[in-house]
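# Results of the structural survey
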Amino acid sequence: MGRPVTDAMLLAAALRDPAGFTETFSPSPFRAFGAPSLSHREREGAREAKPSGKGEGDNPNPWTTLLAMARAEQLLGTLAIRLDGQPMPAAAARILADARISIAGQRRAALWEAEAARRALAGVGCPIVLLKGTAFAAAGLRAGEGRSIGDLDILVPRGALDAVEAALLAAGWEWVKPDPYDDAYYRRWMHELPPLIHRDRDRMIDVHHTILPLTARITPDAGALIADSVALPSGLRVLAPNDMIVHAAAHLFADGDLAGGMRNLWDIHCLLEEFGAAGLAGRARHHGLWPAVARAARLAHALYGTAIPDDWRPRAALDPLYRRRLAARDGWGRPTRPLLRQAFYLRSHWLRMPPAMLARHLWTKWRKGHRPT
Amino acid sequence: MRHVFQVRIGPVGFRVGSDWRAPVARLEDLYAAYPRPEDGIPDFTVRLFAARPWRRWLRPSVTLGGDFVLPEAAPLPLSQGLLAAEMAMNLQMALGQRRYLLLHASTVERDGRALLMTGLSGAGKSTLAALLAARGWRLMGDEFALVDPETGRVHAFPRLVSLKNGAIPIVRAALPDARFGPLIAGTPKGDIRHLVPDAAAIARMDQPAEPALILFPRFGFAPARRPLGPSEVFVRLTQASTNYVALGERGFDALTRLVREVPARAIDYPDAEAAIAEVEALWAGL
Amino acid sequence: MAERLFHAEPAEALRIVPLDDFTLVFHRPSGLTHLVTAPAPEILAILAGGPRTRDALLQRLAEAYDLADPSPEALDARLAELVAAGLVRAA
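Residues numbered from 1 in each chain as written. Chains lettered and ligands numbered in written order. Predicted model: local features only at pLDDT ≥ 70, side-chain atom pairs only at ≥ 80, totals over all residues.

### Some thoughts on the overall build of chain B
- Broken down by element type, chain B carries nine helices and 16 strands.
- For chain B, the spread of C-alpha atoms along the principal axes amounts to about 60 × 45 × 35 Å.
- Buried residues in chain B amount to 49% of all 286 residues.
- Here the contacts in chain B between residues at least 6 apart in sequence split such that 69% fall between residues at least 24 apart. (Helix = DSSP H or I, 4+ residues; strand = E, 2+ residues; numbered from the N terminus. Buried ≥ 20, exposed ≤ 12 C-beta atoms within 10 Å, placed from the backbone. Contact = placed C-beta atoms within 7 Å.)

Here you go:
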């Protein structure tokens, strides 16, 4: 029979197979044709879904659990798009409709931030490459549909950084109050300027000159990223599709501690589905990021059923650990598996810095009260 | 979460999970007459939790969590657990409500038409709403007015009415048969007691009303009244709304319609009786 | 500076609702609402007919709207505010 699904694999199942998932909760009198793609274990788990954790006093509606997980993983808008038109309780439909209103607002604000940056940087004359959610939305990609978008991230040539910084400050952006230690760290080692926020609109912009910190042991080819970027009608640019996938994978594994990984992995799923994998392995190797891209593709396949080349499929030993880390969420939207999360947090910093630097940096952060969430 | 409470208030369903029984017991008691969330699926989740395991028992303090949080919010002592739950529910609405335009206002209804009273905290909106309810108006809410952008109507959201300090004895005297929550002393705002809306308010919580008058009351001044032009009302209402910007063009539609169609007055009043008289006079003159 | 052309946002990008002495402008691309007063609504109305230089705008304002005190410096300041708000672009 198998154990019921009590973590965010429930959410993955709903995204992967919306029709099969909703049929489990509101089966229609008519049998659907074709083999269901939800496993038997997932169907049973969906029916019995309860929040994990000790001493649960309630037995919530599985929709409540699903919505809480989606919200915590910032995938509520995506879920709303994926489940559009499926049968579901009226309350769930309303909540998902509200989510669509939210992300439409976020999308508009994000595209306007990009336009405001374009206007401010028009005089600098360097290429401006949009990254992440804003790029997906601006380019009309599937990865942008329903996506929650936060700050604006742009990539510019390293040589243009000073001019870009000056132009943004002149156009109403200002430094987020920096800690003097953090500022020195940022400027010297990170792959971006310290964060800037716009005075009137209260929105942040992150200006990158490469996609991984300079202290990382992997050094992608920033020049190639910019040289092969694609222009949009507005004049702003986005990465070439294979570079988008490489960036998403880098961001997922080598840059972060996997918090929010389910959303990043969904991005990768959408990009692979839209563009396929032709030339991706070669491009990833060029940037030194093939292991990250390969693992991301395997995990996307495992969670979301992404079509990937057969010879990419053999599982590596650590894949199940990554899967457990990604899905570490309970029915109240809380992060679970604290030891595993701690391990990934430490590892993410280890990837960014040489060990001696790491020890000093983490010690300083620890003394100031930072804790991994 | 060890203990769970679920409730529907107007069009919004909540679930509150708590590491302690006491706040949930209070909520169950005071909201006993209210329905549960539609389809058993709440719109918002609130969590009252102990930030460190020992905080469950040692000087127990309640950290507020949920779908929407303010990371810098300080925890409250367990004795103020009911207040914590109410604050957290307010926060979910303030940060997460997208279907209705929210105005920080108290709302009462008569003959299908709604009176909105808005302005700064401490201006007496909750007290006035409670006193008008004692005079036969239907209480629609004391914290948030929900305006439907499609129809322009106001929807009821009758949570427990939060009364502070001097307002408590005044309202208790005016509503001798009403249910009140416990006295919560020593909060940053002083003493707080919650008034449970009456049976009529609960029974009719799904009936919206047409907004007919917007008041900006000021407590503790010599009586005065002044009409307000639409642009001034517009600006003051955006300041009284937590989700105007998030609603985008729907919010713009809702608010421009409101300021163009509904008369607005600023009224100063020295005491509650004068305010009630002023309200009744203005309403009669519509 | 006097040769710069000022462009309005496309008509479908704005919703303009006059109230009393003030006018509301909802800017669809940004989702922001602006509360403006004379001469901003008049400037937007003129630019809706096509881009203008500062001097041409000044002249048209004086002719069409009989606005008092047509000072170039004041107009520069108003235009800078509209550009910062995103309602007007300078090329």
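That was the structure; now back to the text.
### What to know about the environment of B:I41
- Within the secondary structure, B:I41 is located in the loop between α1 (21–30) and β3 (44–49).
- Exposure remark for B:I41: the 25 C-beta atoms within 10 Å place this residue in the buried category.
- Distance in space between the C-alpha atoms of B:I41 and B:R15 is 8.6 Å, their sequence separation being 26 residues.
- If sequence neighbours within four positions are ignored, B:I41 has contacts with A:N61, A:W63, A:T64, A:P89, A:A91, A:A92 and B:G13.

### A few points about the interface of chain C and chain B
- Taken together, the 12 residues of chain C in the interface contact 10 residues of chain B.
- Looking at the side of chain C that touches chain B, the elements that each hand over two or more residues are β2 (14–18), β3 (23–27) and β4 (32–36) of chain C.
- By residue class, the composition of the side of chain C that touches chain B is six nonpolar, two polar and four charged. (Nonpolar A, V, L, I, M, F, W, Y, C, P; charged D, E, K, R; others polar.)

### A few points about the domain arrangement of chain B
All names here are of chain B.
- Splitting chain B by domain gives domain 1 (3–96) and domain 2 (101–284).
- Computed from C-alpha atoms alone, the centre-to-centre distance between domain 1 and domain 2 is 24 Å.
- With 15 residues of domain 1 in contact, the opposing surface of domain 2 contributes 21 residues.
- Elements with a contribution of two residues or more to the side of domain 1 that touches domain 2: α1 and α2 (81–96).
- Ranked by residue count, the leading element in the side of domain 1 that touches domain 2 is α2, at six residues. (Domains from an automatic or database assignment.)

### Observations regarding the nonpolar core
- The biggest cluster of nonpolar side chains holds 101 residues, and the ones touching the most others in it are B:A85, B:L101, B:L116, B:A129, B:V147 and B:L255.
- With eight residues, the single largest contributor to this core is α2(B).
- Each of domain 1 (3–96) and domain 2 (101–284) of chain B contributes no fewer than three residues to this core.
- Among residues more than four places away in sequence, those in contact with B:V147 are B:Y100, B:L101, B:L103, B:G152, B:V154, B:A254 and B:L258.
- Counting 98 residues, the second largest nonpolar core, distinct from the first, contains A:A99, A:L111, A:I149 and B:I41. (Core = buried A, V, L, I, M, F, W, Y, C linked by C-beta atoms within 7 Å.)

### Looking at the pairing of strand β13 (residues 190–195) of chain B
Residues and elements named next belong to chain B.
- The pairing of strand β11 (residues 161–164) with β13 spans four bridges and is antiparallel. Note that in β13 the partner of V161 across the bridge is L195.
- Here two bridges tie strand β12 (residues 184–187) to β13, and the two strands are oriented antiparallel to one another. The residue of β13 that forms the bridge with I184 is I192.
- In textbook terms, the turn of a hairpin is the stretch between consecutive antiparallel strands, and for β12 and β13 this stretch comprises two residues. (Pairing = 2+ DSSP bridges.)

### Topic: the sheet that holds strand β6 (residues 230–231) of chain A
Residue and element names in this part refer to chain A.
- The strand order β3-β4-β5-β2-β1-β7-β6 describes an open sheet built from seven strands, whose pairing is mixed. Among the strands making up the open sheet, the edge pair consists of β3 (173–175) and β6.
- Note that β6 and strand β7 (residues 237–238) share two bridges and pair antiparallel. What sits directly across from A231, in β7, is R237.
- Across the face of the sheet, helix α6 (residues 90–120) comes into contact with β1 (129–130), β2 (152–155) and β5 (204–208) while running at roughly 40 degrees to β2.
- Together, β3, β4 (196–198) and β5 form the strand contacts of helix α8 (residues 161–170), whose direction differs from that of β3 by roughly 110 degrees. (Axes fitted to C-alpha atoms, helices over the stretch in contact; angles between N-to-C directions.)

### Re the interface of chain B and chain A
- Counting residues at the interface gives 20 residues for chain B and 20 residues for chain A.
- For the side of chain B that touches chain A, the secondary structure elements donating two or more residues are β1 (3–9), β2 (12–18) and β3 of chain B.

### Quick notes on the packing of helix α1 (residues 40–48) of chain C against helix α2 (residues 54–65) of chain C
All names here are of chain C.
- At a minimum axis distance of 10 Å, the contact between α1 and α2 shows a crossing angle of 110 degrees. Taken together, the axes of α1 and α2 are roughly perpendicular relative to one another. Of the residues in α2, those touching α1 at E42, I43 and I46 are L57, R60, L61 and Y65.
- In terms of residue class, the contact of α1 with α2 is made up of five nonpolar, no polar and two charged. (Parallel < 35°, antiparallel > 145°, perpendicular 65-115°, else oblique.)

### Some thoughts on unusual backbone geometry
- Cis geometry is found at the peptide bond from C:A38 to C:P39, where omega equals 5 degrees.
- By the secondary structure assignment, C:P39 is in the loop between β4 and α1.
- A positive phi angle, near 45 degrees, is found at B:N165, a position not held by glycine.
- Checked against the element boundaries, B:N165 lands in the loop between β11 and α4 (167–174).
- Look at B:N165 and you get exposed, because 12 C-beta atoms sit within 10 Å.

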